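Summary of the model geometry
Each chain, written out:
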Amino acid sequence: MLLIHCPYCGEARSELEFAGAGEAHIARPENITEVSDEDFAQYFFMRTNPKGIHYERWRHIHGCGRFFNAVRDTVSDRFLKTYKTGEPKPDRAEFEGEGR
Amino acid sequence: MVEELVATRTTPLSGTYGGSGLARLVIAGDATRLSVRAGEEALGALSGALDIELPRAPLSASVTDGGYAFWLGPDEWLVINEHGEEMIPRLQGIEAPFSAVDVSHRNVAVTVVGPGAAAAINAACPQDLRPDRFPVGKVVRTVLGKAEIVLFRKEENTFRIECWRSFAPYVFGLLDQAAKDTAY
Ligand SMILES: [Zn+2]
C-alpha cells in the first residue's frame, strides 16, 4: 500500500485516505476579465504532464481534509516530498537522480 | 382534547451487541455532537463555553467525564457530549468567528472492546494500530472499508468508532465479521 505523508497530520497515511487534485502552483490570473482567450485557455486547460518529477495538489480528504502539495515521480509513483499549501515550490534540483 | 404525538428518536442498531470474545461490539448510547470549525482566535472562548479544551496538536483528543473533543483537522473538531447536553446555546456571544453545527443525529458510535479489538478494526482500516504508533488518546479520521470513520483509542483495548448513521449497518457488519474472524 502506498503511504503518503500528510504535512498537516504530520505522519504517513494510506493512499486510501487521499484524493489527487491536479497540478500544483497554477495561479489564477488576478485580472481575469482582461485576460485574452488564449491566455485563459493556457491557464485553465493546459497542464505540463511530465514524465518524471511532477508538482501536484493532493487532498487528505478522508483525514484532516486539507489540500497540500506534493512532488511525485510519475515514473516510479514515488512521493519525493509533501509540503503545506502556501510554502514555496521546492527546486527540482533537490530531487534529481533521487528514487528513479 | 387532541392527543399529542411525540416522535421518539431511534438510533440505527440501538442496543445491538456483536463481535466475539476477543473483540466485543457495543453501540454507544445517544450523545450530542458538534462539528466545529474555527481559527486560533476563537479556540479559547469555544473551549471555555464547551467546558472542554479543543486540542491544538494534530491527531489528539481531550477527554472529560462523558465528553470528547477530537482534533480532525487544523481548524476542525468533533465535540461529543455523552450526557446529551445541548451545546449550541452555550456558544452565544462568542465574538471571534467560528462555525458550529449540531450533528448529534448524524453519527453512530460503535465501541470495540477486547484484546482482539485492534486486529478486528485492521481487517478494514489501514491505520497502524501498534501501541507505539497509535497510543491511547490518539484520534484520526480515516476509512473502514468504504465508510469514513473517526477512530479514537480510548484505552489500550477499547476503541470508539464514529460513523455516519446510514453507514452504521455496514460498519457494524464489517466489524462483526472481522471480530469473529479474529484469533490470536
Ligand atoms: Zn492530514
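Please read all numbers here as calculations on a predicted model, not as lab measurements.

Before going further, it helps to spend a moment on the interface of chain A and chain B. In this complex, chain A contributes 14 residues to the contact, which on the side of chain B involves 16 residues. Summed over both sides, the interface of chain A with chain B buries roughly 1,100 Å², with 49% coming from carbon and sulfur. A per-residue breakdown of the area chain A buries against chain B is headed by Glu-11, His-62 and Arg-66 of chain A, which together make up 36% of the total. At the junction of chain A with chain B, the criterion picks out 2 salt bridges. Note that Lys-138 of chain B and Glu-11 of chain A form a salt bridge whose closest N and O atoms lie 2.8 Å from each other. Taken together, the links from chain A to chain B amount to 8 residue pairs in polar contact (both at pLDDT 80 or more).

What follows concerns the domain arrangement of chain B. Residue and element names in this part refer to chain B. Taken domain by domain, chain B comprises domain 1 (15–30 + 106–184) and domain 2 (31–103). Each of domain 1 and domain 2 was reduced to a C-alpha centroid, and the two centroids are 23 Å apart. With 16 residues of domain 1 in contact, the opposing surface of domain 2 contributes 15 residues. Of all residues in domain 1, Val-139, Arg-141 and Arg-160 bury the most surface against domain 2, accounting for 36% of the area lost on that side. Across the domain 1-domain 2 interface, the total number found is 3 salt bridges. Salt-bridge contacts for Glu-162 lead to Arg-33; the nearest nitrogen and oxygen are separated by 2.7 Å. Inspection of the region where domain 1 meets domain 2 yields 7 residue pairs in polar contact (both at pLDDT 80 or more). Of the residues belonging to the side of domain 1 that touches domain 2, the class tally is 6 nonpolar, 3 polar and 7 charged.

Further remarks concern the coordination of the zinc ion. Taken together, Cys-6 of chain A (SG), Cys-9 of chain A (SG), His-60 of chain A (ND1) and Cys-64 of chain A (SG) make up the full set of protein donors to the zinc ion, lying 2.0 to 2.4 Å away. Note that the zinc ion binds 4 donor atoms; their angles at the metal cover 105 to 117 degrees, and the shape is tetrahedral.

Further remarks concern the sheet that holds strand S3 (residues 32–38) of chain B. Residues and elements named next belong to chain B. Taking strand neighbours across the sheet as the criterion, the 5 strands line up as S4-S5-S6-S3-S7 in an open arrangement whose pairing is antiparallel. Either end of the sheet is taken by a strand with one partner, and the two such strands are strand S4 (61–64) and strand S7 (98–102). The mean angle between the axes of side-by-side strands here comes to 15 degrees, regardless of whether they run parallel or antiparallel. Pairing between S4 and strand S5 (residues 67–73): 4 bridges, direction antiparallel. Within S5, the position partnered with Val-63 by the bridge is Tyr-68. Its contacts with the sheet place helix H1 (residues 40–50) against S3, strand S6 (76–81) and S7, and it is angled at close to 160 degrees to S3.

The rules behind these values
- Residues numbered from 1 in each chain as written.
- Chains lettered and ligands numbered in written order.
- Predicted model: local features only at pLDDT ≥ 70, side-chain atom pairs only at ≥ 80, totals over all residues.
- Heavy atoms only, no water.
- Contact = heavy atoms within 4.5 Å.
- Buried area = accessible area lost by both parts, 1.4 Å probe.
- Salt bridge = Lys/Arg side-chain N within 4 Å of Asp/Glu carboxyl O.
- Polar contact = N/O pair within 3.5 Å; in protein donor to acceptor, adjacent residues only side chain to side chain.
- Domains from an automatic or database assignment.
- Nonpolar A, V, L, I, M, F, W, Y, C, P; charged D, E, K, R; others polar.
- Donors = N, O, S within 2.8 Å, 3.2 Å for Na, K, Ca; no water.
- Tetrahedral: all angles 85-135°; square planar, octahedral: opposite > 155°, others 65-115°.
- Pairing = 2+ DSSP bridges.
- Helix = DSSP H or I, 4+ residues; strand = E, 2+ residues; numbered from the N terminus.
- Axes fitted to C-alpha atoms, helices over the stretch in contact; angles between N-to-C directions.

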